[in-house]
Amino acid sequence: MKNKNISNIMTMSIGLFLITACTQKPAAIAGTKTFTAEYLAQGKTIFENSCGKCHDLPNPMDHTSIQWVGIMNSMAPKAKLDDAQHQIVYDYVVSVKN
Ligand code: HEC
């Protein structure tokens, strides 16, 4: 019984760690991830529909993948993106650069 509780806590900690790693450090893992064409196409669509409303569509080349983390943190709320859309647009933008 005692051991079971410990392993539950460990599972939860690992889960939390993964969530934190995914949401807070997209730049660090972007280079090692590969995405499906469908996923990136979806990111492109959201980007083109949401990011050219207030200004010209930004050029992914104009900023580093690290800078894009900060840009997306300030622009995703402006574009009313949810967390999943935020991530997919970020992944698309960085994929264009590679
Ligand atoms: C509601 C209006 C609005 C929407 C939607 C919007 N932006 Fe912006 N964006 C701004 C404004 C205003 C600025 C300039 C002031 C600032 O940097 O906050 C800006 C600036 C920028 C810059 C220049 C930042 C810099 O440091 O030079 C980039 C890049 C950018 N936006 C990307 C995006 C992306 C990507 C999206 C879609 C997720 C997006 N924006 C959606 C209003 C918007």
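For the structure itself, consult the block above.
Note that the structure is a prediction, hence the values are computed from the model and not measured. Every residue gets a number counted from 1 within its own chain, in the order that chain's sequence is written. Where local features are concerned, this predicted model is filtered to residues with pLDDT of at least 70; where side-chain atom pairs are given and counted, the filter is 80 or more; whole-chain, interface and lining totals use all residues. Side-chain descriptors were evaluated using all non-hydrogen atoms of the structure, hydrogens and water having been removed beforehand.

Digging into the packing of aromatic side chains
The description of two aromatic rings rests on the distance between their centres and on the angle between their planes. Applied cut-off: Only Phe, Tyr and Trp rings take part, Trp by its six-membered ring, and two of them pair if their centres are within 6.5 Å. Stacked means planes under 30 degrees apart, edge-to-face means over 60, and tilted covers everything else. Remark: exposure states derive from per-residue accessible area (1.4 Å probe, protein chains only) relative to the maximum for the residue type, with buried under 20%, exposed over 50%, and partly exposed in between. Only DSSP runs of H or I with at least four residues qualify as helices, and only runs of E with at least two residues qualify as strands; both kinds are numbered from the N terminus onward.
Using the criterion set out here, one finds 2 aromatic pairs in the structure. With a centroid separation of 5.0 Å and 15° between ring planes, the pair formed by Phe-35 and Tyr-39 is classed as stacked. Relative accessible area serves as the criterion here: at 25%, Phe-35 is assigned to the partly exposed category. The class of Tyr-39 is partly exposed, set by a relative accessible area of 24%. Measuring from ring centre to ring centre gives 5.5 Å for Phe-47 and Tyr-92, while their planes differ by 50°; the resulting arrangement is tilted. Taken together, the residues span a long stretch of sequence, with Phe-47 in helix α3 (residues 37–50) and Tyr-92 in helix α5 (residues 83–97) at a distance of 45 residues. Across the pair, exposure class does not vary: Phe-47 and Tyr-92 are buried alike.

A word on the packing of helix α4 (residues 65–78) against α5
Rules: To get an axis, fit a line to the C-alpha atoms, keeping to the stretch in contact for a helix; angles then go from 0 to 180 degrees between the N-to-C directions. For classification, angles of less than 35 degrees are called roughly parallel, those exceeding 145 degrees roughly antiparallel, those between 65 and 115 degrees roughly perpendicular, and all remaining angles oblique. Crossing handedness: left-handed means the near helix sits turned counterclockwise from the far one by under a right angle, and right-handed means the same turn made clockwise. Here, two residues are considered to be in contact whenever any of their heavy atoms come within 4.5 Å of each other.
Two elements in contact, α4 and α5, have axes whose closest approach is 10 Å; the angle formed by their N-to-C orientations is 150°. Regarding the angle of α4 to α5, the classification is roughly antiparallel. α5 is crossed by α4, and the crossing has right-handed handedness. Facing Ser-65, Trp-68, Val-69, Met-72, Asn-73 and Ala-76 of α4, the residues of α5 in contact are His-86, Val-89, Tyr-90, Val-93, Val-94 and Lys-97.

A look at the nonpolar core
We apply this condition: For this analysis, a nonpolar core means a set of buried residues of the types Ala, Val, Leu, Ile, Met, Phe, Trp, Tyr and Cys, connected via side-chain atoms within 4.5 Å.
Ranked by internal contacts, the top residues of the largest apolar core, which has 15 residues, are Phe-47, Met-72, Leu-81, Val-89, Tyr-90 and Val-93. At the level of elements, α3, α4 and α5 are the ones that each hand at least two residues to this core. When residues of this core are assigned to their parent elements, the largest contribution, 6 residues, is made by α5.

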